[in-house]
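Breakdown of the fold
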Amino acid sequence: MSVDGAGDRAGTARPYRICLVCLGNICRSPMAEVVLRDVLERRGLGDVVVVDSAGTGGWHVGEPMDERAAETLAAAGYDGSRHRARRFEPAWFAERDLVLAMDRDNLRTLRRLAPEGADVRLLRSFDPDAPEDAEVPDPYYGGREGFVRVLEMIEAAAEGVAEHAARAVGRAPERR
Ligand code: 4NP
């Protein structure tokens, strides 16, 4: 695969697969999964770009999204009700084209597990207004306002991820 994941996939039938990863898979990465899927569907890419999420830790496997995360999403018009937490498995690298970490700890963990050539980056590196190493901070032990900030950061990065994916599947980015 080329460095930015684009070019060599044009015309292929296989979808482009993105996994969003945080620590517990009950706050940040499931919020990012819901938001990114919404952006992709609005751009007509819902069938060719597949999104899922996982945590690097396994404490919450099988649980729904944190209720503060689900409520923050619902207040903004998204539906987070179907989520169930999973732990990231190293074998998944072979089944994903892009793995996006929410913070630098998750990034380090993923890069330790990743095979040579895996495309593992920070989600916010796709936000043109954020520094390259910007993180989505863990909101778990804070208040509800932390979840609102998390949603803003995710929304600011999601368009850039969608444009990257659109190029990777050979579709010209389409602005709405
Ligand atoms: P997340 O938040 O990584 O955004 O899902 C957390 C959820 C649970 C824990 C930490 C962070 N925890 O320590 O249980």
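Sequence positions are assigned chain by chain, starting from 1 and proceeding in written order. Where totals are concerned, whole chains, interfaces and linings use all residues; where local detail is concerned, this predicted model gives features only for residues with pLDDT of at least 70, and gives and counts side-chain atom pairs only at 80 or more. Think of the side-chain values as coming from all heavy atoms in the structure, minus any hydrogens and water.

**Overview of the pattern of salt bridges**
Within this document, salt bridges are pairs made up of a side-chain nitrogen of Lys or Arg and a carboxyl oxygen of Asp or Glu, the two lying within 4 Å of each other. A full pass over the atoms with the stated rule returns 18 salt bridges. A salt bridge links D97 to R17; the shortest N-O distance between them is 3.3 Å. Remark: R17 occurs in strand β1 (residues 16–22) and D97 occurs in the loop between α2 (67–75) and β3 (98–101); sequence separation between them is 80 residues. Note on accessibility: D97 and R17 belong to one class, buried. Of the charged contacts, one joins E135 and R104 as a salt bridge, the two residues approaching to 3.4 Å between their closest N and O atoms. Linking E135 in the loop between β4 (120–122) and α4 (144–168) with R104 in helix α3 (residues 104–113), this pair joins segments that are 31 residues apart in sequence. For R104, a relative accessible area of 35% gives the class partly exposed. Because the salt bridges share partners, they merge into one network encompassing D52, R86, E95 and R96. Labels follow the DSSP assignment, with helices taken as runs of H or I lasting at least four residues and strands as runs of E lasting at least two, numbered in each case from the N terminus. Whether a residue is buried, partly exposed or exposed follows from its accessible area with a 1.4 Å probe, protein chains only, as a fraction of its type maximum: under 20%, in between, or over 50%, in that order.

**Some remarks on the side chain of D66**
Residue placement: D66 occurs in the loop between β2 (49–55) and α2. Residue class for D66 comes out buried when judged on its relative accessible area of 10%. Should any heavy atoms of two residues lie within 4.5 Å, those residues are counted as being in contact. If near-sequence neighbours (up to four positions away) are discounted, D66 is found in contact with I26, C27, Y140 and F147.

**What to know about the nonpolar core**
In this structure, I18, L20, M31 and L123 are the most contacted members of the largest nonpolar core, which totals 40 residues. At the level of secondary structure, the elements contributing two or more residues to this core comprise β1, α1 (28–42), β2, α2, β3 and α4. Excluding residues that lie within four positions of it along the chain, L20 makes contacts with S29, A32, E33, L36, V51, D52, S53, A54, L100, M102 and L123. Side-chain atoms within 4.5 Å are what join buried Ala, Val, Leu, Ile, Met, Phe, Trp, Tyr and Cys residues into a set we call a nonpolar core. With twelve residues, the next largest nonpolar core counts C19, V21, A101 and L110 among its residues.

**A few points about unusual backbone geometry**
With phi around 60°, N25 is a residue other than glycine that occupies positive phi space. Relative to the assigned elements, N25 resides in the loop between β1 and α1.

**Thoughts on the site of the ligand**
Residues are classed as near a molecule or strand on a simple rule: at least one heavy atom within 4 Å of it. If you check the shell around the ligand, you find C22, L23, G24, N25, I26, C27, R28, H60, D138, Y140 and Y141 and nothing else. Here a polar contact is recorded for every N or O atom pair within 3.5 Å, except that within protein the pair must consist of a potential hydrogen donor and a potential acceptor, and residues adjacent in sequence are included only if both atoms are side-chain atoms. Here an oxygen atom of the ligand and a backbone polar atom of G24 are 2.8 Å apart. At a separation of 2.8 Å, an oxygen atom of the ligand approaches a polar side-chain atom of H60. Methods summary: accessible areas were calculated by the Shrake-Rupley approach with a probe of 1.4 Å, and residue burial reflects only the protein chains presented. Bound to the protein, the ligand loses 93% of the 360 Å² it would expose on its own. All amino acids are sorted into three groups, where Ala, Val, Leu, Ile, Met, Phe, Trp, Tyr, Cys and Pro are nonpolar, Asp, Glu, Lys and Arg are charged, and the leftover types, Gly among them, are polar. In terms of residue class, the shell around the ligand is built from six nonpolar, three polar and two charged.

**Observations regarding the environment of T72**
Examined against the element boundaries, T72 turns out to sit in helix α2. In the structure, T72 is positioned 77 residues away from R149 in sequence and 9.9 Å away in space, judged by C-alpha atoms. Once residues lying within four places of it in the same chain are set aside, the contact partners of T72 are M31, F147, V148 and L151. There is a polar contact of 2.7 Å between the side chain of T72 and the backbone oxygen of R68.

**Overview of the sheet that holds β2**
Taken together, the four strands give an open sheet; going across it, the order is β2-β1-β3-β4, and neighbouring strands pair in parallel fashion. The open sheet has two edge strands, β2 and β4, and neither has a second partner. Within this sheet the neighbouring strands show an average axis-to-axis angle of 25°, counted without direction. At least two bridges found by DSSP between two strands are what make those strands a pair. Here seven bridges tie β1 to β2, and the two strands are oriented parallel to one another. Each bridged residue has a counterpart across the sheet, and for R17 the counterpart in β2 is V50. Every angle, taken between N-to-C directions, lies between 0 and 180 degrees, and every axis is a line fitted to C-alpha atoms, over only the stretch in contact when it is a helix. Set on the sheet, α1 makes contact with β1 and β2; between it and β2 the angle comes to about 175°. Packing against the sheet, α3 makes contact with β1, β3 and β4, and its axis sits at approximately 175° to β4.

Worth remembering: the numbers are spatial, not functional.
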